[in-house]
Amino acid sequence: MDSLVPQDTLEEAVALLKDGQVVAFPTETVYGLGADASNSDAVKKIYDIKSRPTNHPLIVHLANAEQVRLWVRDFPDNARKLAEAFWPGPLTMIMYKNGRVADEAVAGSTTVAIRVPNHPVALQLLEEFDGGLAGPSANKFGQVSPTSANHVKTDLGNNVAMVLDGGKCSVGIESTIIDMTSEVPEILRPGGITRSQIEDTLGIEVNVSSEISNRASGMTKSHYSPKANVILIEVTDLDDLEEKTKSASGIIAPISVEGFGFAWQMPQDAEAYSKSLYAVFREADERRLKTVYVIPPSEGEMLPAVVDRLTKASA
Ligand code: TXA
Ligand code: MG
């Protein structure tokens, strides 16, 4: 269990946020770049720091489900059920917004994405702040999300007022995003909460947006990608690779492989695989590998989420 941050550190973070500054904070998925979601100027700083296009809306993080009604026009029954089952946790729900959220945070949309994160430091911060924190992943736009405080410092350095350290993220990839405004709820991004968990809770089938959909920015090409060229392969493709190609490349695979310049052996289970995937992508870049072959995990509930990120990283 991750520990809390000291009270004086917490108070400093809250004072900065109240002053409209940007503070990076840990969540169970990836680190977030937080600012007061009801303060337009504060939210604009997030876009600047990330070099993120202003038409990509942000997730609003709250301390608990009771606060949702302060931010939405309507909290649908199905959304309540999912909140009860999966919050705090890696599930983001899109609902119709009310006037409290800054227009910049939702990129002018009539909807707002909301999540209650499951990390003791995030919850400590949100409770003490007593408001909503707009928080995208704390990386430069289009790059790999940070799963440790050091990743954030490496990426954003002095551009953020403060980085709260909550250790390594336990999930390791971004939350599931589900649109609750459509007739049938629609999963826009797969993540730690799976389609079957959602369908079991609601007792109905939900839709899953197709690859071509571009409603969430994480759906665009080049997202989740390291600088290295990522090539997705199957175990059976290994035989076709030339020795020269192998020795000049890295490989990330859930089996032991030989002949590559550098190899990361990953777990077969998708949930365990996702915990270290982004840290491994960063190591590949530190080793200045131009090409990294990736073999996906073979089992586990989080397979669709991991395959989604790997497919985008290789796009
Ligand atoms: O796990 C996570 O979700 C992390 C942590 C920090 O909570 N956050 C995260 O934020 O991944 P970000 O900004 O990197 O990705 C949020 C995605 C974006 O693709 C954005 O376009 C989409 O959510 N999104 C946000 N609000 C939306 C809305 N109102 N309608 C549709 N998509 C929305
Ligand atoms: Mg992101």
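This structure is a prediction, so every number in the text was calculated from the model and none was measured. (Residues numbered from 1 in each chain as written. Chains lettered and ligands numbered in written order. Predicted model: local features only at pLDDT ≥ 70, side-chain atom pairs only at ≥ 80, totals over all residues. Heavy atoms only, no water.)

Visitor: I keep staring at the overall build of the protein chain and nothing clicks. Help me out?
Guide: Assigned secondary structure in the protein chain consists of nine helices and 14 strands. Expected size for 315 residues packed as a compact globule is a radius of gyration near 20 Å; at 19 Å, the protein chain falls within 12% of this value. Put simply, the protein chain has 315 residues, and 55% of those count as buried. Relative to all contacts within the protein chain whose residues are 6 or more apart in sequence, the contacts with residues 24 or more apart total 66%. For the protein chain, the exposed surface amounts to about 13800 Å²; the carbon and sulfur share of it is 46%. (Helix = DSSP H or I, 4+ residues; strand = E, 2+ residues; numbered from the N terminus. Rg over C-alpha atoms; globule rule 2.2 N^0.38 Å. Buried < 20%, exposed > 50% of the residue type's maximum accessible area, 1.4 Å probe, protein only. Contact = heavy atoms within 4.5 Å. Areas by Shrake-Rupley, 256 points an atom, 1.4 Å probe, with all protein chains shown as cover.)

Visitor: Looking at this model, I keep getting lost on helix α9 (residues 303-313). Mind explaining?
Guide: Owing to its 3.6 residues per turn, the α-helix aligns residues three or four sequence positions apart on the same side. Here α9 has its buried residues at A305, V306, D308, R309, L310, K312 and A313. Packing partners of the buried residues in α9 comprise β9 (186-189), β11 (229-232), α8 (270-286) and β14 (291-294).

Visitor: Help me understand the environment of G20, please; the structure alone is not making it clear to me.
Guide: The topology assignment puts G20 in the loop between α1 (7-18) and β1 (23-25). Each C-alpha atom, one on G20 and one on V294, is 41 Å from the other, the two residues being 274 residues apart in sequence. Apart from residues no more than four positions distant in its own chain, G20 is found in contact with N39, A42 and K45.

Visitor: What is the right way to read the nonpolar core from this model?
Guide: Generally speaking, a soluble globular protein has its nonpolar side chains buried in company with each other. Grouped together as the largest cluster of nonpolar side chains are 49 residues, with contacts concentrated most on L33, L82, L91, M93, M95, I114 and I198. Counting residues per element, the ones that place at least two in this core are β2 (32-36), α2 (40-50), α3 (77-86), β4 (91-96), β5 (111-115), α5 (149-156) and α6 (195-202). The element that contributes the greatest number of residues to this core is α2, accounting for five residues. The next biggest cluster of nonpolar side chains, apart from the first, holds 25 residues, and it includes I173, M266, A270 and M302. (Core = buried A, V, L, I, M, F, W, Y, C linked by side-chain atoms within 4.5 Å.)

Visitor: Teacher, can you tell me more about the sheet that holds β9 here?
Guide: Where strands meet in a sheet, backbone hydrogen bonds hold them as pairs that are either parallel or antiparallel. On the basis of which strands lie adjacent, the open sheet formed by 10 strands has the order β7-β1-β2-β6-β3-β5-β4-β8-β9-β10 and mixed pairing. A single partner strand is all that each edge strand has here, and the edge strands are β7 (162-163) and β10 (207-208). Sheet analysis places β1 next to β7, joined by two bridges and oriented parallel. Residue pairing for β7: A24 is matched across the bridge by V163. α3 contacts β4 and β8 (176-179) of the sheet and is inclined by roughly 160° relative to β4. (Pairing = 2+ DSSP bridges. Axes fitted to C-alpha atoms, helices over the stretch in contact; angles between N-to-C directions.)

Visitor: Would you explain the packing of aromatic side chains in this entry?
Guide: For any pair of aromatic rings, the description consists of the separation of the ring centres together with the inter-plane angle of the planes. The final tally for this structure, using the stated rule, is three aromatic pairs. When the ring of F260 is compared with that of Y293, the centres are 6.1 Å apart and the planes differ by 65°; the resulting orientation is edge-to-face. With F260 in the loop between β12 (250-253) and β13 (262-265) and Y293 in strand β14, this pair connects stretches of sequence that are 33 residues apart. The buried category is assigned to F260, whose relative accessible area is 11%. Cation over ring: K18 sits above F129, and NZ or CZ is 4.4 Å from the ring centre. (Phe/Tyr/Trp six-rings, centres within 6.5 Å; stacked < 30°, edge-to-face > 60°. Lys NZ or Arg CZ within 6 Å of the ring centre and 35° of its normal.)

Visitor: Help me understand the sheet that holds β14 in this model?
Guide: Across the sheet, four strands lie side by side as β11-β14-β12-β13; this open sheet has parallel pairing. Of all the strands in the sheet, the pair left with one neighbour each is β11 and β13. Taken pair by pair, the neighbouring strands of this sheet meet at an average axis angle of 20°, ignoring direction.

Visitor: Honestly, the pairing of β2 in this entry has me stumped. Any pointers?
Guide: When a strand is regular, its side chains alternate between the sheet's two faces. Burial runs high along β2: five of the five residues are buried. Relative to β2, β1 is paired through three bridges, and the arrangement is antiparallel. Looking at the pairing, A24 lines up with L33 of β2. The antiparallel pairing of β1 with β2 creates a hairpin that spans six residues between the two strands. For β2 and strand β6 (residues 133-134), the ladder comprises two bridges, and the chain directions are antiparallel. Within β6, the position partnered with A35 by the bridge is A134.

Visitor: What am I meant to see in the packing of α1 against helix α4 (residues 120-129) here?
Guide: One way to put it is that α1 packs onto α4 with a least axis distance of 10 Å and a crossing angle of 55°. On the basis of the axis angle, α1 is oblique to α4. Relative to α4, the crossing made by α1 is right-handed. Residues Q7, L10, E11, A13, V14, L17 and K18 of α1 touch α4, and the partners they reach there are Q124, L125, E128 and F129. (Parallel < 35°, antiparallel > 145°, perpendicular 65-115°, else oblique. Left-handed = near helix turned anticlockwise from the far one by under 90°.)

Visitor: Would you mind going over the environment of K153 with me for this structure?
Guide: Note that K153 resides in helix α5. Measuring from C-alpha to C-alpha, the distance between K153 and N139 comes to 9.5 Å, with 14 residues separating the pair along the chain.

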